Amino acid sequence: MANPLLEIQDISYRYRMNTTPVLQNLSMSIEKGTVNTILGPNGAGKSTLLDICLGWKEPETGRILLNQHDITSFSRRQMGRWMSLVPQDEQVRFEYTVLEYLLLGRAPYLSQLEMPGPEDVDIARRALEKVGLQHLQERPASKLSGGEHQLLMIARALVQEPHILVLDEPTSRLDPGNRQRVVNLLKTLLSHGVTILFTTHDPTLAADISTHALLLKQGKVLHSGPEEKVLTSSNLSQLYGINMEVLRREDKTIVFSTH
Amino acid sequence: MVSTLRRQRRGLVILLLLLAVTVLLAVLTGRYPSPGLISPAQLLEDPLAQSLVLNLRLPRIIAALLLGSGLAAAGLVFQMIFANPLVEPGFLGVSQGAAFGASVSIVAFAPALWIIQLSSALCALIGLAVSYIMARHFHFGGWVLRLILAGIAVSALFSSGIGIVKFVADPMSQLPEITFWMLGGLWSVDWQQARSILPVCIIGITLLLGYRWRLNLLSMDDRTAFSLGLAPFRERLLLLVTATAVTAATISISGIVSWVGLIVPHIARRLFSSDGRFALPASMIIGAIYVVICDTLARTVLDGEIPLGVLTSFIGAGLFLVLLSKKRIKKGKYRGESTP
């Protein structure tokens, strides 16, 4: 078996001392070229886990290996090239145009006093085409609709040209049309060899695009492994504490709750 | 995009030309031999006028250039790294610290200018350091909110200190001097003073200019900036200290000159874009033009000197009100931009 691209070994994390840990002795590994979903109820520690993978939060115990090396040995710029984040939401206080906003994604490739050049603009334009927003490049980023902004954040993450794309609930605020756009985009990225890690509250989405899934409950791994083995009626019912039904047809899986 | 870039660059060149014209006019404007402009020919013939321009007007104009560009640059940098368009360069205890330092030295020592300058610069930096350290120890809110709160509290402490110093000051000699210092002005600036702040200003402003694109990244929230490969805390601290050093240096010779650091960045963003690549240089040039004009008015309009801080606040606050109420300009601009 190939060595995992990202490996989390026995991490624990708590927000304040003397409180119960948000994550407890958690391990997971992510192979290159896979789509990994983290599912779990609110407050299970999904976003915290993403933050730890990115190095934004430091775990109390355990370590994170990126391409066999401890992530603490990577420089900030190197990390920016390895992984990029699509946050759940983000406030942009100043009015940047869509293109100016996208160019921010070039930061890991530029030294501190360097400015983005024509090649960087080309990369930004290509990312904008990938998400289908090329007609908006001169528009103020703050004036986009919720769906467009989500696509824009994904485009910026692509401008970083990462090995691993991390998304925090990428479809939670999207209408069905935009949701499908994001799904298609993630599938295309997967076919280009990008490794994807994302959290969601939508088991159907997880079943639709992921190859691997991890069920997180109260800071512990309930189940993890290949998607079809993890996303079962009994596992999901156990995860959410209600009856869940998983219907698998040839190329489509639907998950719904029953009473 | 390319055409936008070209347009913005052209805009900056036009601003630079405007600045050159402003400086030239400021050199020729004064109250000698009569209030108003002196013609270049007259200047060449009159040795007294030449000495006046060289020894009085020129150092003052250079100080005004440094003051305007420094405050406006620091203001823009602060607004961007705090992602808050309402902060100004003195808000982290810097302005009030400087005022406290100046008033203490006016009362406690013989009011030699260099002592006032040194003590105000020192107290400005102490203001920043205390605000920063306090913010680290607060158990409340996010980092930016903590800094802002610490800044407000430290400024208030210095203000009450100023109150005490004013209370014990000699009402005939020291009190007017404190008041005049706090109203701001460049009337006492000579070559030595202008030279004394030059190194800090040049190094500081150059560093800030070098960071002008990266400011955009630092205006994002911490987590986003981090995920883009930055070390947001370290880089913000570097810019914070640099911008404060420039502010402290300039107000140490000028006294409190408010509104430049607040209003000019707004104008620059309005005329150019929020992108620091253009907003920062534009801010600096507009700030320089603004202060040179205000200072020229301050020294020529009346027989006596009008305090510069009074003029910058009066004109600045007026402009601010006009800018904020002119929504139509903004909408029109977007509509224009959105058409492909």
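Trainee: What should I look at first to understand the overall build of chain A in this one?
Mentor: A count of helices and strands for chain A gives 9 helices and 12 strands. Its C-alpha atoms give chain A a radius of gyration of 19 Å, within 12% of the compact-globule value 18 Å for 259 residues. Projecting the C-alpha coordinates of chain A onto the three principal axes gives extents of approximately 50 × 40 × 40 Å. Relative to its 259 residues, chain A shows a buried fraction of 43%. Sequence separation of 24 or more characterises 66% of the internal contacts of chain A that already satisfy a separation of 6 or more.

Trainee: Before we go on, may I ask you to explain the overall build of chain B in this structure?
Mentor: When you go through chain B residue by residue, the secondary structure sums to 15 helices and 2 strands. Over its C-alpha trace chain B gives a radius of gyration of 21 Å, about what one expects of a compact globule, namely 20 Å for 340 residues. In chain B, buried positions account for 49% of the 340 residues. Expressed as a percentage of contacts within chain B between residues at least 6 apart in sequence, the contacts between residues at least 24 apart total 75%.

Trainee: Any chance you could explain the nonpolar core here in plain terms?
Mentor: In globular proteins that are soluble, nonpolar side chains generally tend to be buried together. Core analysis: the largest hydrophobic core is formed by 174 residues, its most contacted members being Leu102(A), Ala155(A), Val166(A), Ala73(B), Val77(B) and Ile286(B). Examining the composition of this core, we find that 16 residues originate from one element, helix α3 (residues 47–81) of chain B, more than from any other. Other than its neighbours up to four places away in sequence, Leu102(A) contacts Ala124(A), Ala127(A), Leu128(A), Ala155(A), Arg156(A) and Val159(A).

Trainee: I would appreciate a short explanation of the sheet that holds strand β2 (residues 23–30) of chain A in the present structure.
Mentor: The strands making up a sheet are joined through hydrogen bonds of the backbone, oriented either antiparallel or parallel. Residue and element names in this part refer to chain A. The strand order across the open sheet built from 4 strands is β2-β1-β4-β5, with neighbouring strands paired in antiparallel fashion. This sheet does not close on itself; its edge strands, each paired only once, are β2 and β5 (69–70). The sheet contact formed by strand β1 (residues 6–13) and β2 spans 5 bridges and is antiparallel. Residue isoleucine 8 lies in a different strand from β2, and its bridge partner there is methionine 28. Helix α1 (residues 46–54) rests against β1, β2 and β4 (61–66) of the sheet, and its axis sits at about 120° to β1.

Trainee: Which parts of the structure should I look at to understand the interface of chain B and chain A?
Mentor: Accessible area lost upon the coming together of the parts is a frequently used measure of interface size. Between chain B and chain A, the contact holds 26 residues from the first and 33 residues from the second. Elements represented by at least two residues in the side of chain B that touches chain A include exactly α9 (214–218), α10 (222–227) and α15 (327–338) of chain B. For the side of chain B that touches chain A, the element with the most residues is α10(B), which contributes 4 residues. The residue inventory of the side of chain B that touches chain A, partitioned by class, reads 11 nonpolar, 9 polar and 6 charged.

Trainee: Just to check I follow, could you spell out the confidence of the model for chain B for this structure?
Mentor: Confidence in the prediction for chain B averages 88 pLDDT; 95% of positions are at 70 or higher. If you check the scores for this complex, the pTM reads 0.90 and the ipTM reads 0.93.

Trainee: I tried to follow the confidence of the model for chain A on my own but got confused; where do I start?
Mentor: Predicted coordinates in regions of low pLDDT should not be interpreted in detail. Scored by pLDDT, chain A comes out at a mean of 91, with 99% of its residues at no less than 70. The secondary-structure element of chain A with the lowest mean pLDDT is strand β12 (residues 253–258) of chain A, recorded at 88, while strand β6 (residues 83–86) of chain A shows the highest, at 96.

Trainee: Can you help me understand the pairing of strand β10 (residues 220–226) of chain A in this one?
Mentor: One face of the sheet, then the other: side chains in a regular strand alternate in exactly this way. All names here are of chain A. With 6 bridges joining them, strand β9 (residues 212–217) and β10 adopt antiparallel strand pairing. In the strand pairing of β10, leucine 215 is matched with histidine 223. Two successive antiparallel strands, β9 and β10, enclose a turn made up of 2 residues, where glutamine 218 displays a positive phi of approximately 50°.

Trainee: Teacher, can you tell me more about unusual backbone geometry here?
Mentor: For residues other than glycine, phi is negative in most cases, and the peptide bonds are mostly trans. In this model, Gln68(A) sits at a positive phi of 75°, which is unusual for a non-glycine residue. Note on placement: Gln68(A) falls in the loop between β4 and β5. The backbone of Trp259(B) sits at a positive phi, close to 75°, despite the residue not being glycine.

Trainee: Is there a simple way to explain the pairing of β12(A) in this structure?
Mentor: In this structure, strand β11 (residues 243–248) of chain A lies alongside β12(A), joined through 6 bridges in antiparallel fashion. By the bridge assignment for β12(A), Leu247(A) is matched with Ile254(A).

Trainee: Is there a simple way to think about α1(A) in this case?
Mentor: Residues and elements named next belong to chain A. α1 sits mainly inside the fold: 8 of its 9 residues count as buried. Residues Lys46, Thr48, Leu49, Leu50, Asp51, Ile52, Cys53 and Leu54 constitute the buried set of α1. After α1 finishes, the residue glycine 55 shows a positive phi value of roughly 90°.

Trainee: Explanation requested: the packing of helix α5 (residues 146–159) of chain A against helix α6 (residues 176–191) of chain A in the structure shown.
Mentor: Think of two packed helices as two axes; the pair is described by the angle between the axes and how far apart they sit. Residues and elements named next belong to chain A. Orientation of α5 relative to α6, taken along the N-to-C sense of each, is 15°, at an axis distance of 10 Å. The orientation of α5 with respect to α6, classified from their angle, is roughly parallel. α5 and α6 meet at a crossing whose hand is right-handed. From α5, Gly147, Gln150, Leu151 and Ile154 reach across to α6, where they touch Asn178, Arg181, Val182 and Leu185. Class assignment for the residues of the contact of α5 with α6 results in 4 nonpolar, 3 polar and 1 charged.

Trainee: Honestly, helix α11 (residues 232–254) of chain B in this entry has me stumped. Any pointers?
Mentor: Owing to its 3.6 residues per turn, the α-helix brings residues three or four apart onto one side. Taking 1.5 Å of rise per residue, 23 residues should cover 33 Å, and α11(B) covers 32 Å from first to last C-alpha, within 8% of that figure. Downstream of α11(B) by one or two residues, Gly255(B) has phi in the positive range, about 80°.

Trainee: Could you clarify how one ought to interpret the sheet that holds β9(A) in this entry?
Mentor: Residues and elements named next belong to chain A. Read across the sheet, 6 strands follow the order β6-β7-β8-β3-β9-β10 without closing on themselves; strand pairing throughout is mixed. Whereas interior strands pair on both sides, the edge strands pair on one side only; in this sheet they are β6 and β10. Mean inter-strand twist for the sheet, computed between neighbouring axes without regard to direction, equals 15°. In this structure, strand β3 (residues 35–39) lies alongside β9, joined through 4 bridges in parallel fashion. Considered in β9, the bridge of threonine 37 is made with alanine 213. The sheet strands contacting α6 are β3, β7 (164–168) and β8 (195–200), and the helix crosses β8 at an angle near 150°.

Trainee: How do you make sense of the environment of Ser84(A) when you look at a structure like this?
Mentor: Within the secondary structure, Ser84(A) is located in strand β6. Distance from Ser84(A) to Leu54(A), taken between C-alpha atoms, is 8.1 Å for residues 30 residues apart in sequence. Not counting the four nearest positions on each side in its chain, Ser84(A) is found in contact with Ala157(A), Gln160(A), Pro162(A), Leu165(A), Val166(A) and Ser227(B).

Analysis parameters
- Residues numbered from 1 in each chain as written.
- Chains lettered and ligands numbered in written order.
- Predicted model: local features only at pLDDT ≥ 70, side-chain atom pairs only at ≥ 80, totals over all residues.
- Helix = DSSP H or I, 4+ residues; strand = E, 2+ residues; numbered from the N terminus.
- Rg over C-alpha atoms; globule rule 2.2 N^0.38 Å.
- Buried ≥ 20, exposed ≤ 12 C-beta atoms within 10 Å, placed from the backbone.
- Contact = placed C-beta atoms within 7 Å.
- Core = buried A, V, L, I, M, F, W, Y, C linked by C-beta atoms within 7 Å.
- Pairing = 2+ DSSP bridges.
- Axes fitted to C-alpha atoms, helices over the stretch in contact; angles between N-to-C directions.
- Nonpolar A, V, L, I, M, F, W, Y, C, P; charged D, E, K, R; others polar.
- pLDDT = per-residue confidence, 0-100.
- Parallel < 35°, antiparallel > 145°, perpendicular 65-115°, else oblique.
- Left-handed = near helix turned anticlockwise from the far one by under 90°.
- Expected span 1.5 Å × (residues − 1).

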